[in-house]
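# Structural characterization, general
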Amino acid sequence: MSEAVFISDVPVEPWVLPSRGVVGMACLICAEAAIFIIFVVAYIYYIGKSISGPTPHDVLELPVLTTICLLSSSFTVHLAVVNLERSKRALCSLWLAGTVLLGAIFLAGTAMEWNDLIYRHGLTIRTNLFGTTFYSLVGLHASHVVIGLLMLSLALIFSLNGSMTHMHAAKLNVLSLYWHFVDAVWVVVFLVVYVLGR
Amino acid sequence: MATQTPEIEILNQSTPTEPRHPWLEVLHGWVTTVDHKKIGLMYIGYALLFLVIAGVEALLMRVQLAIPNNTFVSPQVFNRLFTMHGTTMVFFVGMPILFGFGNYLIPLMIGARDMAFPRLNAFSFWISAFGGLLLYFSFLGGDGLYGAGNAPDVGWFAYAPLTSRVFSPGHSTDYWTLAVLLSGVGSVGTALNIIATAICMRCPGMKMSRLPLLVWLYIVTSGLALIIVSPLTAAQIMLMLDRYAGAHFFDTQAGGSAVLWMHFFWIFGHPEVYVLVLPAFAFANEIIPVFSRKAIFGYPAMVAASVGIGFISLSVWAHHMFTVGLGAGANTFFTLATMVIAVPTGIKIFNWLATLWGGRIHFTVAMMFAVGFLFQFLIAGLTGIMLSVSPLDWQLSGSYFVVAHFHYVLVGAILFMIFSAFYYWYPKMSGRMLSEKIGKWHFWLFLIGFHLTFDFMHVPGILGMPRRVYTYEADRGWMIWNVIVSSGAIFQTIGTLLFVYNMIRAYFKGPIAGADPWDAWTLEWATSSPPPDYNFETIPTIRSRRPLWDLKHPEDPDSNYEF
Amino acid sequence: MHDDHLKLPSPTAWPMVMALGITLIFAGMVTNIALAILGTVLGVAGAVGWFFQVLPHEAHEEVVVRAAAVPVSSPRAVSGKVDVGVRKIIPVETFQITSGVKGGIAGGIAMTVPAAIFSLLRYHSIWYAMNLLAAGGFLSWAGASNAFLSEFHLQGLLAALVIHGTTSLLVGLLYGAMLPMFPKFPILTAGLVAPLLFTGILYSAIGVVSPILNQRIEWFWFFISQIAFGLVCGFVVNLQVKVRTPQFRALPFSVRAGLHGDTPPDFKQ
């Protein structure tokens, strides 16, 4: 009875709403961005405030190769999404594998850098303010890369065994938004830590 | 929209399971639920539980402070009491109860069947709830200074360097950090969920310009929560790194800065007040029009003012830190920014008054609490403007004047609106009406108690009584004020007990409410009380901001007047 | 169109298990490592279980529709008290909030005239009041001499513009929000209320905002400027066309056409 009134003589117009996955991911990205902003502010605030060595200038080297790898993985993941939307699942798997590989190279690069810093230069999170802020900021980013890589690897597995179809393109797209965000954060971290901070 | 045949088989398969004990069945139903109404009720119930606990803590403190040189509790216990009271009230009462109402009401108001992410919703609730349990487990498990069980005692804003390993050995401070971290994860999850729901789950015809104002304000408050809870999470991670990994973020010995913690905390801490008060505004936006029998005045101005408050509140945090010595430039900026907030807030108050003006006002208990809110929120705002002037703040910061000011906001505005919301939506949630008679006793007792406590609390503050002291000398002239303040707590306690009794009594033998006891206008009143699992049999299609007015007055619908 | 089954997300305990797992990991940090290990196991189990709830297809359960449709009607309209259910028509006409802003801008401009006269009369320089205002923004100007303040400074002009402009805009905005409360006599209310607001805000704030201004302010001239602000603001608002609120259209045609006097019958309830 009431429904009759609800529906009565309303013209049937298309009622289109935004995708909840995209909106949710955008919100998550806002929240994550706020976390990174606080860590970046702490890093900038403590530049040059360490009361003992080593300083960034002594020990940091520009991670050019790994940066290129991480940034180019944004393109590969985008291509994966596009191919999944067009139901080209083999190509999608290929690009996903490329993304995972590039991300893994980035992580390996970070691991080697940290290894070098800890064992050759004796810089740990306890050493000085530079160590504290460097490991926490870069580590926070690296942990996001790890989470992204885990999700992308899952997607790759499901893509390879054929259970991911073009029906899931929207979900892969949401995941790719997260990956783009992780890359964008790296640009900021790179500029702050390796360019401004040195 | 479901096709009929195949699902019936699935349904038939699931029914002949072995019947379990009815209690187990009920428990299983609540633990596994992803229904926004049940989760909302669990949020509200668990917030009420913590409200009682934190209220008891407040009572203990008032007993201790009632007379000079009292030895009712020891200084150590007093420190734990105010730390736990503040932390609990903000993170495990304020946020959950508001998220609870949001969870319950938003899908109903926008004509949806559930939240955008129902499982995330359950996750967020459970992680906040477990966070609260972890916090209170510290009473048993947190070995503190003397090795015994020990709750956190560093104050709810936990200033560095008191929180460092040197000054807070043991794990009591870690309990605080971890519990707040957990609650932060839950808050971000729910805030995200509310925004996604309000944007992506609206029923046909529910344009953003037709959203009920409550939903609009929840969008603003959730957006604010997303942006500000994360800095707190970040600061807590830094504190954990300091305490566990030996980092130096807030370690002044190694060049770290204690003031940085203050900045990070208050970047969260001040907007947090707005996260709490905006839902209170949201309730007022729904309740005042219904009991004035008029549409809300100035809908676009209300939305704009709310968004404005959200933005401005991000730029005022350092008014908590005037005594640090920020320098004249920063003091001027934060003083002015703080005062500017009075403009959008003023717009809201004038719009509520304009809504009341000329209306046929029905003084139900819900409306009485709402009118109390208007009056008290104005006073709280005025003492806020006093405190925003930095020289006055230098004088009063850290005194009971500040305590009185923010309790005026938290109790006089937010808690009053929460009570109002209970009286207004309890019939929808339970299907039964609360007793108006007991409700009026509750209102007047609580009102008297509130004013006794918090009006007179300003005075010892001006006379120089500092916060967080566990006792004071008799010759300071503070005693009479503290007696009055503590006696007000008795009235508030009785009022609250009446409220609890009212809810329990109404659940069993209150009059049946029916779908729409208040003759209201938003969609939640278009379904039965309590609503079925699926909310609406058919997703409604609406054509104005007051869909139920349109239905009730087909000869004069709102949709004729809106653009 | 609707049958008697609806799809809802199916209940699941996995989110709760995952939350418990994460909490136990945290609890392990303050109690015993064994708890953290248990927490990790539960957390991973919860994540996996949750994953299969959502992918590849979201789990749904069928719910039987029980309730009959809820009739929606207004008890007040039915109960015989006819007037209560009728649309409340207040206010029928009002000023837009932007009229307050416009008034604020105009008033802000008008306010400069008495300020300039004051500067000319007392210090023989048109720039004195402006620099005095701007001094709040520059710490180095705190102890500036009268001679210094009488000269023209570009940064002084810019700072004064920003300070004066923002304040005028905000006062105008607040005034615009108040207007619906007294829409009848904007010149009177603006001439009275706006100066009161302006003076009140400044008087309370000035000591901290600009100590230099506080020392040298001439309250007589200040008040003259306030009145100038208020009168011009009210005048400008009065020029603005009153907009009819959407409720105006609810009036009977005869009232809308002006045949029936200006007070609608419902107005006096």
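Note that the structure is a prediction, hence the values are computed from the model and not measured. (Residues numbered from 1 in each chain as written. Chains lettered and ligands numbered in written order. Predicted model: local features only at pLDDT ≥ 70, side-chain atom pairs only at ≥ 80, totals over all residues.)

## Some thoughts on the overall build of chain C
Regarding its fold elements, chain C presents 12 helices and four strands. Burial status across chain C gives 36% buried among its 269 residues. Excluding contacts between residues fewer than 6 apart, the proportion of contacts in chain C whose partners are at least 24 apart in sequence is 76%. (Helix = DSSP H or I, 4+ residues; strand = E, 2+ residues; numbered from the N terminus. Buried ≥ 20, exposed ≤ 12 C-beta atoms within 10 Å, placed from the backbone. Contact = placed C-beta atoms within 7 Å.)

## Observations regarding the overall build of chain A
Within chain A one finds seven helices and zero strands. Order of helices (α) and strands (β) in chain A, N terminus to C terminus: α-α-α-α-α-α-α. Scaling as 2.2 N^0.38, a compact globule of 198 residues should have a C-alpha radius of gyration of about 16 Å, whereas chain A reaches 22 Å, well beyond that. Projected onto its principal axes, the C-alpha positions of chain A cover 75 × 40 × 20 Å. Looking at chain A as a whole, 37% of its 198 residues qualify as buried. Sequence-distant contacts, at least 24 apart, represent 84% of the contacts inside chain A between residues at least 6 apart. (Rg over C-alpha atoms; globule rule 2.2 N^0.38 Å.)

## Re helix α5 (residues 97–123) of chain C
A rise of 1.5 Å per residue sets the reference length of α5(C), with its 27 residues, at 39 Å; its end C-alpha atoms lie 39 Å apart and thus fit the reference within 8%. Positive phi appears at His124(C), one or two residues downstream of α5(C), with a value of about 55 degrees. (Expected span 1.5 Å × (residues − 1).)

## Structural notes on the confidence of the model for chain A
All names here are of chain A. Averaged over all residues, the pLDDT of chain A is 89; the fraction at 70 or higher stands at 93%. Per-element confidence in chain A is highest for helix α2 (residues 20–45), whose mean pLDDT is 95, and lowest for helix α1 (residues 2–7), whose mean pLDDT is 43. When the criterion is pLDDT under 50, residues 1–10 qualifies, and its contacts beyond four places in sequence or with other chains add up to 19 contacts. (pLDDT = per-residue confidence, 0-100.)

## Let's talk about the environment of Phe82(B)
All names here are of chain B. Within the fold, phenylalanine 82 resides in helix α4 (residues 75–109). By the C-beta count within 10 Å, which is 20 here, phenylalanine 82 ends up buried. Taking the C-alpha atoms as reference, phenylalanine 82 lies 9.2 Å from alanine 54; in sequence the two are 28 residues apart.

## A few points about the packing of α4(B) against helix α7 (residues 213–245) of chain B
Residues and elements named next belong to chain B. Following both chains from N to C, one finds α4 and α7 inclined at 125 degrees, their axes separated by 10 Å at the closest point. As judged from the angle between their axes, α4 and α7 are oblique. The element α4 and its partner α7 pack so that their crossing is left-handed. For the pair formed by α4 and α7, the contact residues are Gly102, Leu105, Ile106 and Met109 on the first element and Leu214, Val215 and Tyr218 on the second. Among the residues making up the contact of α4 with α7, the classes are represented as six nonpolar, one polar and no charged. (Axes fitted to C-alpha atoms, helices over the stretch in contact; angles between N-to-C directions. Parallel < 35°, antiparallel > 145°, perpendicular 65-115°, else oblique. Left-handed = near helix turned anticlockwise from the far one by under 90°. Nonpolar A, V, L, I, M, F, W, Y, C, P; charged D, E, K, R; others polar.)

## A closer look at helix α6 (residues 129–160) of chain A
An ideal rise of 1.5 Å per residue puts 46 Å on 32 residues; α6(A) measures up with 45 Å between its terminal C-alpha atoms. Taken from the residues just after α6(A), Gly162(A) is the one with a positive phi, measuring 85 degrees.

## Description of the environment of Ala116(B)
On the secondary structure map, Ala116(B) appears in the loop between α4 and α5 (118–141). Placed 83 residues apart in sequence, Ala116(B) and Ile199(B) show a C-alpha to C-alpha distance of 9.2 Å. With near-sequence residues (within four places) excluded, Ala116(B) lies in contact with Arg20(A), Gly24(A), Asn193(B), Ala196(B), Thr197(B), Cys200(B) and Met201(B).

## Brief notes about the packing of helix α8 (residues 258–292) of chain B against helix α12 (residues 365–388) of chain B
Residues and elements named next belong to chain B. It is the contact of α8 with α12, at a shortest axis distance of 10 Å, that shows an interaxial angle of 125 degrees. In terms of orientation, α8 lies oblique with respect to α12. Classified by chirality, the crossing of α12 by α8 is left-handed. Across from Ala280, Ala284, Ile287, Ile288 and Phe291 in α8, the residues of α12 making contact are Ala366, Met367, Ala370 and Phe373. When its residues are assigned to classes, the contact of α8 with α12 shows nine nonpolar, no polar and no charged.

## A short note on the nonpolar core
Residues Phe369(B) and Met417(B) are the most contacted members of the largest nonpolar core, which totals 285 residues. Per element, the largest residue contribution to this core is 23 residues, and it comes from helix α14 (residues 400–430) of chain B. Shared between two domains, this core takes at least three residues from each, and those domains are domain 1 (5–64) and domain 3 (93–244) of chain C. Setting aside anything within four residues of it in sequence, one finds Met417(B) in contact with Ala280(B), Phe283(B), Ala284(B), Phe369(B), Ala370(B) and Phe373(B). (Core = buried A, V, L, I, M, F, W, Y, C linked by C-beta atoms within 7 Å. Domains from an automatic or database assignment.)

## Considerations on the confidence of the model for chain C
All names here are of chain C. When pLDDT is averaged along chain C, the result is 75, and 68% of the positions lie at 70 or above. A low-confidence stretch, residues 259–269 stays under pLDDT 50, and its non-local contacts, those more than four residues away or across chains, total 14 contacts. Predicted complex metrics record ipTM = 0.91 and pTM = 0.88.

## Observations regarding the environment of Gly461(B)
Residues and elements named next belong to chain B. Looking at where glycine 461 falls in the secondary structure, it is placed in helix α15 (residues 436–462). When the 23 C-beta atoms within 10 Å are taken as the criterion, glycine 461 is described as buried. As for glycine 461 and phenylalanine 401, which are separated by 60 residues in sequence, their C-alpha atoms are 4.1 Å apart. Excluding anything up to four places from it in sequence, glycine 461 contacts Leu396, Ser399, Tyr400, Phe401, Val402, Val403 and Ala404.

## Considering unusual backbone geometry
All names here are of chain B. Cis geometry marks the peptide bond from alanine 160 to proline 161; its omega dihedral reads 0 degrees. Positionally, proline 161 belongs in the loop between α5 and α6 (172–200). The omega torsion of the bond from serine 529 to proline 530 falls at -10 degrees, within 30 degrees of zero and hence cis. Its location among the elements puts proline 530 in the loop between α16 (479–509) and α17 (547–552). Phi is positive for alanine 158, close to 45 degrees, though the residue is something other than glycine. With respect to the element layout, alanine 158 can be found in the loop between α5 and α6. The phi torsion at arginine 468 lies on the positive side, around 65 degrees, for a residue other than glycine.

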